[in-house]
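Examining the three-dimensional arrangement
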Amino acid sequence: MDLDADFDPLAMFAGLASGGSRVQAVFLGPPPPSLQAQVRQLMADGTGPLTALEEQFRRQGSQDPAGDLRRMFSAAQGVCVVVVARDHGLVAIPQLWFGSLESGEVDRLVAGCADQAGDPAELRRVVAAIPLRAWPGALATLDGGMTDPAATREAWLAIAAGVVQASQSALIDLAADGTGPGPRERLADLAWWTAEALAALAVEAPGEDPVLGAELEVRCRLLTGEVVAAGHALDRLAAGGNADDLGEVLAAFVDTVRRSPRAGEAAIWLAQRLPDWDAQLGEPYETAQALFRLQVAAQRPTEELLVSSALMAKRDRKSARQDLTREPIWEIVEASGQLLDPTEAAQLAQRSTVAMVKRMESGTLPWTRKDGMVRIPAQALESWLAVLAAQGLTP
């Protein structure tokens, strides 16, 4: 299972029938942060979402359902997660794990999710093949248990690719049934396990494209809202000294995080990281452009945009002029302050309304969508005019 230059992590899902399910991997790991927080709350004061399970204990004849529930979580050694491939990507089915993989425990794990994981016999075979190794090596796939770091990393890369594919499916927005977490929360948990595993197995296997692992880890981190942790993967890529590799993954980072509530945090973090990256990579244009795009999306102050746009122009004036005037990099996802219509913006910019409308249509001036309408944030428009004036460009 050595990686080669043609490795395609999504190939493991090829040929899966629409609507079908098939177990792809099973691993033993730590509880995700979401479950850890719920367990701490349960242990501290007996409250929280996990108390919904008390009724299940009561129906099973427990005389002390609250106590039995707390004892169960105290006894758990971690979680056993069955990863199922469906036509829209991966689904995680976690269960508590109590420290062994003897026949009876395998029976329990299989029975707990057999109706969701396809062929029960196939599921049993994969669960029984899990090697009792330290996290993240306690992993088995349809090919058997992982026995070396290269095979283990390859399997986790495949899981990461499936996580990213699933994150792009509208199906994860479906509401949860019952009291358990919904598809989005389950996917975020799987993204966390996957990113942690890739970070623990940070050294690429022979023949692996370094961009592949870094981008998948970054995307998984962003699914969990871990902006700074995603940046650590970018740090490792920058340390490799290849500006093109970093630029490719950094663009994916910006594309994702600029549409999230964490855009402002990411912009501040990237401004702090830029000097170190530039020292390692020789001040590439792509890092300055990425910073500028995040600052625009987060509606950062004009002074910051002037500095980062000047960096862009210093590093590649032709590309900077193209980006600032002809590329749709001016969208603001969560705009604050006054919002203008094209006529009001035209008066402020001393341009015609027609010119403003054309720029709105092409996305080449600041814009945001509010209540289904496209509007121009006044503060961002002032920043836009200041940046163009500083670069000698026409609004």
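In this convention, every chain numbers its residues from 1, walking through the sequence in written order. Where totals are concerned, whole chains, interfaces and linings use all residues; where local detail is concerned, this predicted model gives features only for residues with pLDDT of at least 70, and gives and counts side-chain atom pairs only at 80 or more. The side-chain values count all of the structure's non-hydrogen atoms but skip hydrogen atoms and water molecules.

Turning our attention to the sheet that holds strand β8 (residues 373-377). Think of a sheet as strands paired side by side through backbone hydrogen bonds, with each pair either parallel or antiparallel. Overall, antiparallel pairing links the three strands, which are arranged β6-β8-β7 in an open sheet. The sheet terminates laterally at β6 (339-340) and β7 (368-370), the two strands that pair on one side only. Here three bridges tie β7 to β8, and the two strands are oriented antiparallel to one another. Looking at β8, one finds that T368 is bridged to R375. Contacts: residue pairs with any heavy atoms within 4.5 Å of one another. Here, axes are lines fitted to C-alpha atoms. For helices the fit covers the stretch in contact, and angles between N-to-C directions go from 0 to 180 degrees. Under the DSSP-based scheme used, a helix requires at least four consecutive residues in state H or I and a strand at least two consecutive residues in state E, with every element numbered from the N terminus. Sitting on the sheet, helix α17 (residues 378-390) touches β6 and β8, and the angle it makes with β8 is about 55°. Two strands are said to pair when DSSP picks up at least two bridges between them.

Our focus in this paragraph is the pattern of salt bridges. The salt bridge criterion pairs a side-chain nitrogen of Lys or Arg with a carboxyl oxygen of Asp or Glu, the two atoms within 4 Å. Inspection of every chain in the model, using the stated rule, returns 18 salt bridges. Between R108 and E105 there is a salt bridge, with its nearest N and O atoms 2.7 Å apart. Separated by three residues within a single helix, R108 and E105 lie in helix α4 (residues 103-113), roughly one turn from each other. Overall, R108 belongs to the partly exposed group, its relative accessible area being 31%. Whether a residue is buried, partly exposed or exposed follows from its accessible area with a 1.4 Å probe, protein chains only, as a fraction of its type maximum: under 20%, in between, or over 50%, in that order. Residue E105 is classed as buried on the basis of its relative accessible area of 11%.

Let's shift gears to the nonpolar core. Ranked by size, the top nonpolar core spans 40 residues in total, and within it F27, F73, L139, W156, I159 and L190 carry the most contacts. Listed by contribution, the elements that provide at least two residues to this core are β1 (21-29), α1 (33-45), α3 (65-75), β2 (78-86), β3 (89-97), α6 (149-167), α7 (183-200) and α8 (210-223). If you tally residues by element for this core, the top one is α6, at ten residues. Residues contacting F27, with those up to four places away along its chain left out, are V79, C80, V81, V83, W135, A138, L139, W156, L190 and W193. Listed in part, the 28 residues of the second largest apolar core include F292, I329, A345 and M356. By convention a nonpolar core is built from buried Ala, Val, Leu, Ile, Met, Phe, Trp, Tyr and Cys residues, the set being connected through side-chain atoms within 4.5 Å.

This part covers helix α12 (residues 285-297). The span expected for a helix works out to 1.5 Å for each residue beyond the first. The terminal C-alpha atoms of α12, which comprises 13 residues, lie 19 Å apart, in line with the 18 Å expected from a rise of 1.5 Å per residue. Counted residue by residue, α12 has twelve buried out of 13 residues, so it is predominantly covered. Listed as buried for α12 are Y285, T287, A288, Q289, A290, L291, F292, R293, L294, Q295, V296 and A297. Structurally, α12 contributes buried residues whose contacts are with α10 (243-257), α11 (263-281), α13 (302-315), α14 (317-326) and α17. After α12 finishes, the residue Q299 shows a positive phi value of roughly 55°.

This part covers the packing of helix α9 (residues 227-239) against α11. Here α9 crosses α11 at 10°, and the two axes come no closer than 11 Å. With respect to α11, the element α9 is oriented roughly parallel. Contacts from V227, V228, G231, L234, D235, A238 and A239 of α9 reach α11 at E265, A266, W269, R273, W277, Q280 and L281. Taken together, the residues of the contact of α9 with α11 sort by class into nine nonpolar, two polar and three charged. An angle below 35 degrees is treated as roughly parallel, one above 145 as roughly antiparallel, one from 65 to 115 as roughly perpendicular, and anything else as oblique. Three categories are distinguished: nonpolar for Ala, Val, Leu, Ile, Met, Phe, Trp, Tyr, Cys and Pro, charged for Asp, Glu, Lys and Arg, and polar for the others, with Gly belonging to the last.

Turning to a negative patch on the surface, a few remarks are in order. A surface patch of negative charge is lined by D209, D244, E248 and E286. When you line up the elements, D244 lands in helix α10. What goes into a patch is any residue over 30% in relative accessible area without a salt bridge, connected to like charges within 9 Å or, for nonpolar side chains (Val, Leu, Ile, Met, Phe, Trp, Tyr), within 5 Å. Accessible surface is estimated by sampling points in the Shrake-Rupley manner with a 1.4 Å probe; for residues, cover comes only from the protein chains shown. Two residue types count as positive, namely Lys and Arg, and two as negative, namely Asp and Glu; His and chain ends fall outside the count. For the purpose of locating charges, the reference atoms are NZ of Lys, CZ of Arg, CG of Asp and CD of Glu.

Let us now look at empty space enclosed by the protein. Both cavities and pockets are sets of points on a 1 Å grid over the protein atoms alone; in a cavity a 1.4 Å probe fits but cannot get out, in a pocket the set is open with protein on both sides within 12 Å along at least five of seven lines, and lining residues sit with an atom within 4 Å of a point. Grid points are joined across faces, edges and corners, and a volume is the space filled by probe spheres set on the points. The tally for this structure, following the rule as stated, stands at one cavity of 30 Å³ or more. Here the largest cavity defines a volume of roughly 50 Å³. Lining the largest cavity are V296, Q299, R300, L305, W330, I332, P366, Q379, A380 and S383. Top contributing element to the lining of the largest cavity by residue count: α17, with three residues. Class assignment for the residues of the lining of the largest cavity results in six nonpolar, three polar and one charged.

What follows covers the layout of surface pockets. Over the atoms, a rolling probe the size of a water molecule traces out where space has been left empty. Approximately 390 Å³ is the volume found for the second largest pocket. Lining the second largest pocket are 17 residues, with L222, L223, T256, V257 and S260 sitting closest to its centre. When residues of the lining of the second largest pocket are traced back to their parent elements, those giving at least two are α6, α8 and α10. Grouping the amino acids of the lining of the second largest pocket by side-chain chemistry returns seven nonpolar, five polar and five charged.

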